[in-house]
Amino acid sequence: MKRGSLFIFFALVFNIAFAQHYEYIDSSKVMGPKSYAARVKQQPELRLVEIKKYIPAIVLDIRYATTNNFMHRKMYEQGRAFARLPVVLALKEMEEDLKNRGLGLKIYDAYRPYSVTVKFYKETPDTNFVADPRKGSKHNRGCAIDLSLIDLKTGKELEMPTGFDSFSRKAAANYPDLPAQQLANRELLKSIMQAHGFKVIATEWWHYDFNGWAKFPLLDIPFETI
Ligand SMILES: C[C@@H](N)C(=O)N[C@H](C)C(=O)O
Ligand SMILES: [Zn+2]
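- Labelled according to an unreviewed UniProt entry, the protein appears under the name D-alanyl-D-alanine dipeptidase, originating from Mucilaginibacter xinganensis.
- Quoted verbatim from the Catalytic activity (unreviewed entry) field of UniProt, the annotation for the protein is "D-alanyl-D-alanine + H2O = 2 D-alanine".

**Considerations on the coordination of the zinc ion (ligand 2)**
Part 1 of the reasoning: Within the first shell, the zinc ion (ligand 2) binds the protein through H139 (NE2), D146 (OD), D146 (OD) and H207 (ND1), at distances of 2.0 to 2.7 Å.
Part 2 of the reasoning: Using a relative accessible area of 1% as the deciding quantity, one classes H139 as buried.

**Quick word on the environment of D26**
Part 1 of the reasoning: Here D26 lies in the loop between α1 (3-18) and β1 (30-31).
Part 2 of the reasoning: Along the chain, D26 and R134 lie 108 residues apart, while their C-alpha atoms are 8.6 Å from each other.

**Focus: the site of ligand 1**
Part 1 of the reasoning: In the region of ligand 1, the neighbouring residues are Y64, R112, F129, V130, A131, S137, H139, D146, D165, I201, E204 and H207.
Part 2 of the reasoning: Between ligand 1 and F129, the relevant distance is 2.9 Å, taken from a nitrogen atom to a main-chain nitrogen or oxygen of the residue.
Part 3 of the reasoning: Residue E204 places a side-chain N or O atom 3.3 Å away from a nitrogen atom belonging to ligand 1.
Part 4 of the reasoning: Within the complex, the protein chains bury 94% of what would otherwise be the 320 Å² of accessible surface of ligand 1.
Part 5 of the reasoning: Here the shell around ligand 1 is built from residues that sort into five nonpolar, three polar and four charged.

**A word on the UniProt feature "binding site: Zn(2+)" (unreviewed entry) in the protein**
Part 1 of the reasoning: When the UniProt feature table is mapped to this numbering, "binding site: Zn(2+)" (unreviewed entry) covers H139, D146 and H207. Taken along the chain, the residues just named run across 69 residues; in space they keep tight, none of their C-alpha pairs more than 9.6 Å apart.
Part 2 of the reasoning: Mapped onto the elements of the fold, D146 is located in strand β6 (residues 144-151).
Part 3 of the reasoning: Relative accessible area serves as the criterion here: at 2%, D146 is assigned to the buried category.
Part 4 of the reasoning: Its location among the elements puts H207 in strand β8 (residues 204-210).
Part 5 of the reasoning: The buried category is assigned to H207, whose relative accessible area is 7%.
Part 6 of the reasoning: Those residues in contact with H207 that sit more than four places away from it in its chain are H139, A144, I145, D146, K199, V200 and I201.
Part 7 of the reasoning: Of note is the side chain of H207, whose polar atom sits 3.2 Å from the side chain of H139.

Quick notes on the rules
- Residues numbered from 1 in each chain as written.
- Chains lettered and ligands numbered in written order.
- Predicted model: local features only at pLDDT ≥ 70, side-chain atom pairs only at ≥ 80, totals over all residues.
- Heavy atoms only, no water.
- UniProt positions renumbered as here; feature names shortened; annotations may be inferred.
- Donors = N, O, S within 2.8 Å, 3.2 Å for Na, K, Ca; no water.
- Buried < 20%, exposed > 50% of the residue type's maximum accessible area, 1.4 Å probe, protein only.
- Helix = DSSP H or I, 4+ residues; strand = E, 2+ residues; numbered from the N terminus.
- Near = heavy atom within 4 Å.
- Polar contact = N/O pair within 3.5 Å; in protein donor to acceptor, adjacent residues only side chain to side chain.
- Areas by Shrake-Rupley, 256 points an atom, 1.4 Å probe, with all protein chains shown as cover.
- Nonpolar A, V, L, I, M, F, W, Y, C, P; charged D, E, K, R; others polar.
- Contact = heavy atoms within 4.5 Å.

Structure (structure tokens):
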């Protein structure tokens, strides 16, 4: 065998041996760090960016970087929030609108690596509240944000129907039987998010998908490599 062919042969064997394989999905549907880097070189306008860098005043409460979450353990090494550039630009516009009303944003979660979605599902296989890893989550595409509103004067969250990740009926985006102030706050969040290109999911008042999410592939990239 010629040297060139030998090199290609070993490169292929190496790739097959070390490529990431997933239990629930065709592995070619999930981008790892290498293929993501190649893709964003061609389309930098679709890259993941750190939300704080674009919106410094945004408040982060990244629950999966703490033990205060439904898994009761740290799922992320770092309490950081990333999303695709168009998502972050929409959030930035929204934050500017909100500032004029004395309100701000608090983020609980944004881009989430696919392998974390798999861990969620294995422990809580309830697809009302946790994405099915056969399809992946919009979070894995860098196109979903879990968030709430805060009062800029006090820094406190506006009163909402439930806490974050309360996997209950009351958490539904249209749950009707609530105190007037909670309903008003939830609906305010909904109308502002809709006006900026986001859509709430039926089961969780805090979870918003960015319109056009389907053109962004699923990713499994740790925060440290972004
Ligand atoms: C786990 C919860 N915060 C969430 O994001 N649920 C949706 C359905 C998801 O996993 O995409
Ligand atoms: Zn979510």
